[in-house]
Amino acid sequence: MGEREESGNNNPTRLNKYACACAIVASVISIIFGYDTGVMSGALIYIKEDLSINDTQVEVLTGILNICALVGSLLAGKTSDIIGRRYTIALASVIFLVGSVLMGYGPNYVVLMTGRCTAGIGVGFTLMIAPVYSTEISSPRSRGLLTSLPELGISIGILLGYISNYTFSKVTLKLGWRLMLGIAAIPALILALGILKLPESPRWLIMQGRLGEGKKILYKVSNSKEEAESRFRDIKMAAGISEDCEEEVVKLPENAHGEGVWKELLLRPTPAVRRILLAAIGIHFFEHTTGIDSIVLYCPRIFQKAGVKSKNKLHLTIVGIGVVRLIFITMTTFLLDRVGRRKMLLTSVGGMIVALSTLGFALTIVEHSTKELLWALILSIFAVYLFVVFFAIGLGPVTWVYSSEIFPLRLRAQGHSIGVAVNRLMNASISMSFISIYKAITIGGTFFMFAGVAVVAWFFFYFFCPETKGRPLEKMEEIFSKGVKSKSVDMEMMPGASGVKG
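Model, not experiment: these values are computed from the prediction.

Peer 1: Describe the pattern of salt bridges, with residues and values.
Peer 2: A side chain with one charge can pair with a side chain of the opposite charge if their charged atoms come near. Applying the stated criterion across every chain yields a total of 17 salt bridges. The shortest N-O distance in the salt bridge between R412 and E136 comes to 3.1 Å. With R412 in helix α21 (residues 412–441) and E136 in helix α6 (residues 109–137), the pair connects residues that are 276 residues apart, well separated along the chain. With a relative accessible area of 0%, R412 lands in the buried category. A salt bridge links R341 to D337; the nearest nitrogen and oxygen atoms lie 3.3 Å apart. When its relative accessible area of 0% is taken as the criterion, R341 is described as buried. Linked through salt bridges whose partners overlap, the residues forming this network are D81, R85, E136 and R412.

Peer 1: Break down a nonpolar patch on the surface for me, citing the residues and quoting the values.
Peer 2: Side chains of I82, I83, Y87, L91 and L196 sit close together on the surface and give an oily, nonpolar patch of about 430 Å² of accessible area. Breaking the nonpolar patch down by element, the ones donating at least two residues are α4 (55–83) and α5 (85–105). Following the sequence through the fold, L196 ends up in the loop between α10 (185–194) and α11 (202–207). According to the relative accessible area criterion, L196 is partly exposed, its value standing at 41%.

Peer 1: Describe in detail the side chain of S403, supporting the description with residues and values.
Peer 2: Here S403 shows up in helix α20 (residues 395–405). Take S403: its relative accessible area is 1%, and that puts it in the buried class. A polar side-chain atom of S403 sits 2.9 Å from a polar atom in the side chain of H284. Among the polar contacts made by the side chain of S403, one reaches the side chain of H416 at a distance of 3.2 Å.

Peer 1: Explain the packing of helix α15 (residues 271–289) against helix α22 (residues 443–464) to me, using residue names and the numbers behind them.
Peer 2: In contact at an axis separation of 10 Å, α15 and α22 are set at 160° when each is read in the N-to-C sense. The angle between the axes of α15 and α22 places the two elements in the roughly antiparallel class. In the packing of α15 onto α22, the handedness of the crossing is left-handed. Residues L278, A279, G282, I283, F286 and T289 of α15 touch α22, and the partners they reach there are F450, V453, V456, A457, F460, F461 and F464. Of the residues contributing to the contact of α15 with α22, the split by class is 11 nonpolar, 2 polar and no charged.

Peer 1: Pulling in residues and values, what's your account of the packing of aromatic side chains?
Peer 2: For the structure on display, the rule yields 13 aromatic pairs. Considering the side-chain rings of F434 and F447, the 6.0 Å spacing of their centres and the 65° angle between planes classify their relative orientation as edge-to-face. Taken as a pair, F434 in helix α21 and F447 in helix α22 lie far apart in primary sequence, 13 residues in all. For the pair F434 and F447, one class covers both residues: buried. Look at Y462 and F463: their rings are 5.0 Å apart centre to centre, the planes differ by 85°, and that puts the pair in the edge-to-face class.

Procedures and definitions
- Residues numbered from 1 in each chain as written.
- Predicted model: local features only at pLDDT ≥ 70, side-chain atom pairs only at ≥ 80, totals over all residues.
- Heavy atoms only, no water.
- Salt bridge = Lys/Arg side-chain N within 4 Å of Asp/Glu carboxyl O.
- Helix = DSSP H or I, 4+ residues; strand = E, 2+ residues; numbered from the N terminus.
- Buried < 20%, exposed > 50% of the residue type's maximum accessible area, 1.4 Å probe, protein only.
- Patch = residues over 30% accessible without salt bridge, like charges linked within 9 Å, V, L, I, M, F, W, Y side chains within 5 Å.
- Areas by Shrake-Rupley, 256 points an atom, 1.4 Å probe, with all protein chains shown as cover.
- Polar contact = N/O pair within 3.5 Å; in protein donor to acceptor, adjacent residues only side chain to side chain.
- Axes fitted to C-alpha atoms, helices over the stretch in contact; angles between N-to-C directions.
- Parallel < 35°, antiparallel > 145°, perpendicular 65-115°, else oblique.
- Left-handed = near helix turned anticlockwise from the far one by under 90°.
- Contact = heavy atoms within 4.5 Å.
- Nonpolar A, V, L, I, M, F, W, Y, C, P; charged D, E, K, R; others polar.
- Phe/Tyr/Trp six-rings, centres within 6.5 Å; stacked < 30°, edge-to-face > 60°.

Note that every value here comes from positions in space, so none of it alone points to a role or purpose.
As structure tokens, this is what we get:
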């Protein structure tokens, strides 16, 4: 496909502005999710005080969002196959809107939980659909950049959540945390209306037999007529449509609309699909079991354990984490199509192992000391920042890019939804058990545990996750049909491979 795209394309490496604009708008839903995640870390301090809830209720309130997101992600896969990617994003925005209003109202714990559950379903929809939409409108050369925009959006949202914590912490107790949570309803409403002006995914349209509409959109999101026609031919072949078919609308077999997908994914997968599913589940599993949720949701507690006492300093330190994460994820979005997914993933997890081990050591020293140790406090803060940096340059953004691009077209939405379900299950497990775990094995021991999991993750990625940079979506089964090492070598030995971006 790469050779065909280059013919007649005067500037094959240029980023298509229309595709980029579509991906940016679609990623706004991820900003809302990121905001909800970030703001909750600070809001919990005030919710616990205002509603007089205990640590167990705090864990449940934190984790219930992800339990509901698991359900939402599984529903979103089939929903997006039926109503399309664009309307699924609009639906996610409406669900978020309702959840935010309920949380902002929150007169008691039950209503707050109801709002959190509703928002959780919206999270599940968001995490499934935003990367899939961005993947399906982008070309191989810019897919890494555009598909990582949802993760960048999450980081922007987390930072905005931290800033909201700092800003509204100066308001009265009863009003402050409700403003923190309820204000997310405003961008959700704007997105629900604005998303309708975006085009539908051309791949989804072609899978519905709407070839004429899909082809028109491909012309808009491609850099040349040759590239658009090349992508059009490949998508038609992947959808089981004759390459020579020139009809505007065609009737497709029933199984082209999503029937039988679960059987092909879970009951009777081909060897390549089995490897793809294993890679997707594995990368989502390890994204959260290596400890990112403990940092994002409970960093106020971690810093308090390390010795930070002032609430003002606590919020400023947390805002710093959001800034660092945003800076490095922004850098990563521009490197994914140059360096590649695999190299950044392995480098990222290697650095996380060092950071987690350092944090575990520093917190263990603090916990066993009878006096305040400034050097241990500084080392703890440094280790947290180092962990966030390494997470942001690989595992964070690569997880969503990788799992949304490796599934074949016919399996992509529902296959990716399985990965998202695992992602949310692990997120819920960590966020709902972190306090209990650190009380059982100490907070330092908890981060040593995360470091051990990260070691296992590194070996998993080395053996089961081949490079996908620069390969058309329609060729992913071929990549997973051989061993990881052979595929990586093949990519490096391909003529002109170094010049392929995406």
